[in-house]
Amino acid sequence: LKNGFDKDVHILFRKYYKEKIYRATGNHDWFYPTTGKNLYYALDIYNNDQVGNPFMHYYYVENVQQKIRYIVLDPFRREENNQTLTIGYDNDQIVWFSNVALNVPDDWDVIVFTHFLRTTSLITTGSEIESAIDAFNAGTSRVGKILAVFQGHTHWDGVYHTSGGVPVITTTCDKYDISNEPELALEVRTLGTINEHAFDVVVLDRDTKKFTCVRIGAPAQDNVDIYRTDNNFEWVGSLEEREVSYDTE
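Given the structure is predicted, the values throughout are model-derived calculations rather than measurements. (Residues numbered from 1 in each chain as written. Predicted model: local features only at pLDDT ≥ 70, side-chain atom pairs only at ≥ 80, totals over all residues. Heavy atoms only, no water.)

Concerning the environment of Asn 27
Point 1. Looking at the element boundaries, Asn 27 is found in the loop between helix H1 (7-16) and helix H2 (36-44).
Point 2. The exposure class assigned to Asn 27 is buried, which follows from its relative accessible area of 15%.
Point 3. Placed 47 residues apart in sequence, Asn 27 and Asp 74 show a C-alpha to C-alpha distance of 9.3 Å. (Helix = DSSP H or I, 4+ residues; strand = E, 2+ residues; numbered from the N terminus. Buried < 20%, exposed > 50% of the residue type's maximum accessible area, 1.4 Å probe, protein only.)

Some words on helix H3 (residues 91-101)
Point 1. Regarding H3, the residues found buried are Gln 93, Ile 94, Trp 96, Phe 97 and Ala 101. The buried residues of H3 occupy an angular sector of 160° when projected down its axis, which confines them to one face. What points out from H3, more than 90 degrees from its buried face, is the exposed set Asn 91, Asp 92 and Asn 99.
Point 2. Elements in contact with the buried residues of H3: strand E1 (51-53), strand E2 (58-63), strand E3 (68-72), strand E6 (109-113) and helix H4 (126-137). (Arc of directions from axis to C-beta. Contact = heavy atoms within 4.5 Å.)

Remarks on a nonpolar patch on the surface
Point 1. On the surface, Ile 194, Phe 199, Val 201 and Ile 216 cluster together to form a nonpolar patch covering roughly 340 Å² of accessible area.
Point 2. Checked against the element boundaries, Phe 199 lands in strand E10 (residues 198-205). (Patch = residues over 30% accessible without salt bridge, like charges linked within 9 Å, V, L, I, M, F, W, Y side chains within 5 Å. Areas by Shrake-Rupley, 256 points an atom, 1.4 Å probe, with all protein chains shown as cover. Salt bridge = Lys/Arg side-chain N within 4 Å of Asp/Glu carboxyl O.)

Distances and angles like these do not, on their own, reveal function.
Below you can see the structure in the form of structure tokens.
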């Protein structure tokens, strides 16, 4: 995929996948001169069930039968005609997340998706998002909780945790030329094989309180609260499945 808005790419998505696609936008989506309006047209225009800010790309959707709210956040923003991309959650989004998106019935669970919250540290203003997550789960009257945060961006696999213990499940990028990145040179991707890809199909089991992330493509790296700056970081993937437990008590 190209950086920014590419109309032809999104036409192909619609041609070959007819169901709804809910997307969390990342920094490459916002490359200049792409605007929030471009991204809304490309990514969201067919989804009439997204509740939030359509041009800043944070919203929630609901699985009513399973009583789960999926909240999608966007840690990037760029004003129209401004080439500078701002990284971090702005105050409007933080307030919306805390007061609107997390305003759910007491017996509903929540899963959060964002391009990234953590790399080797919290993103700018990520502490406000993390604090809101942990405060939500600390509510003693609630049955439902925030079960996990799913993120990408890092180009490696890992499972990290908020201060309150909520897992932040990180999935590497789905691109074969990851081997051209010096830090990840040991993770070989071969064009034309299943190994060129890497994405997860995720299964939630509320009875056992765990997610199973089934890897399609290159095996996942086994890093739990270990960052790439750590000597024990696993550079080469070894897992076909990652089981991630959560504790809602």
